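Structural description and commentary
Single-letter residue listing:
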Amino acid sequence: MNGPDFTARRFSMVDHQIRGRGIVSPGVLAAMGRVRRENFVIRRLREQAYDDGPLPIGQGQTISQPYIVALMVEALGLENGAKVLDVGTGSGYGAAVLACIAGEVFSIERLATLARRARRTLLAERFLNVHVRCGDGTLGWPEEAPFQGIVVAAGGPGVPETLKQQLAVGGHLVMPVGSEFNGQALFRMTRLSRSDFAQESLGGVRFVPLRGAAGWPSGGD
Ligand code: SAH
């Protein structure tokens, strides 16, 4: 399978799955049309790279559905050049979409194998403004805080207090909150002032569990 065919599939994905479902942000649409998702999925699933759903990436984890990535990034309402924290690097795909819009992306993955692979992919795809660290993302990245946007790509029992404190005033945090295995609500939190936060739900989603200090206790994965 060669490049041009994947390019056609990517543009069709943007039309049908992203624009067709109401994503309007020009920056988000351009980013979804630019990132070569086929290079972020595992080799044997390349043919399914533009399918309308999540795909396994190994270690019991998944690369999110393209629409969900677009929805989360649009909800961040990023200005060009913003500094963003991405928790749950996984394949690095979400970080790459963010990197098309943000100035710098700080991305944390708890599983070393995935962090290493994502770092390699992001470099090969020339996303030089993404920094990947292996560790517990529920603790954030204090040296780089505050962030204008924070996105968490795994579902937790609540928004970690540490992440709220690392959000810039006026910034948005997007994260699935709910049960460990039976689906979550996608929350958008806005920091109104030092001590005030507003919260709204963007709908039902199903993510892999967030593990760590402010996530679910470590289980089989
Ligand atoms: N954004 C990713 C989605 C990966 S799925 C992509 O585009 O491919 C969520 C990821 O979060 C998994 O790789 C999982 O290992 C990771 N994760 C779970 N809990 C975490 C934590 N506390 N800190 C960092 N990563 C975590």
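In this convention, every chain numbers its residues from 1, walking through the sequence in written order. Totals for whole chains, interfaces and linings use every residue, but because this is a predicted model, local features are given only for residues with pLDDT of at least 70 and side-chain atom pairs only at 80 or more, for both listing and counting. Water and hydrogen atoms were dropped before computing side-chain values, which therefore reflect all heavy atoms in the structure.

Examining the sheet that holds strand S3 (residues 83–87)
- The rule for pairing is simple: two strands pair if DSSP sees at least two bridges between them. Numbered from the N terminus, helices here are DSSP runs of H or I no shorter than four residues, and strands are runs of E no shorter than two. The strand order S5-S4-S3-S6-S7-S8-S9 describes an open sheet built from seven strands, whose pairing is mixed. Lying at the two open borders of the sheet, with one neighbouring strand each, are strand S5 (130–134) and strand S9 (197–205). Recorded for the sheet is a direction-independent mean angle of 15° between the axes of neighbouring strands.
- Looking at chain direction, strand S7 (residues 167–178) and strand S8 (residues 184–191) are connected through seven bridges and run antiparallel. When the sheet's bridge partners are listed, Val174 is paired in S8 with Arg188.
- A contact between two residues is defined here by any heavy atoms of the two lying within 4.5 Å. For helices, the fitted axis covers only the stretch in contact; all axes are lines through C-alpha atoms, and the angles between them, taken along N-to-C directions, range from 0 to 180 degrees. Helix H3 (residues 66–76) rests against S3, strand S6 (147–152), S7, S8 and S9 of the sheet, and its axis sits at about 150° to S7.
- The sheet strands contacting helix H5 (residues 112–124) are strand S4 (104–109) and S5, and the helix crosses S5 at an angle near 165°.

Observations regarding the side chain of Glu109
- For Glu109, the position within the fold is in strand S4.
- Between buried and exposed lies partly exposed: a residue is buried under 20% and exposed over 50% of the maximum accessible area for its type, with that area taken using a 1.4 Å probe on protein chains only. Only four residue types enter the charge count: Lys and Arg as positive, Asp and Glu as negative, with His and the chain ends excluded. Definition used for salt bridges: Asp or Glu carboxyl oxygen within 4 Å of a side-chain nitrogen of Lys or Arg. It turns out Glu109 is buried and unbridged, and the closest side chain with the opposite charge, Arg110, is 6.1 Å from it.
- Of note is the side chain of Glu109, whose polar atom sits 2.9 Å from the backbone nitrogen of Gly90.
- We define a polar contact as two N or O atoms separated by no more than 3.5 Å, with the added condition that, inside protein, one atom must be a possible hydrogen donor and the other a possible acceptor, whereas residues neighbouring each other in sequence contribute only through side-chain atom pairs. Only 2.9 Å separates the side chain of Glu109 from the backbone nitrogen of Leu111, close enough to count as a polar contact.
- When neighbours within four sequence positions are excluded, Glu109 is seen to be in contact with Gly88, Thr89, Gly90, Leu114, Ala115, Arg133, Cys134 and Gly135.

Quick notes on the pairing of S8
- Buried residues dominate S8, accounting for seven of its eight residues.
- Counted between consecutive antiparallel strands, the loop separating S7 from S8 contains five residues, among which Gly183 sits at a positive phi close to 100°.
- Relative to S9, S8 runs antiparallel, the two being bridged by seven bridges. The residue bridging Arg188 from the neighbouring strand is Glu200, located in S9.
- Two successive antiparallel strands, S8 and S9, enclose a turn made up of five residues.

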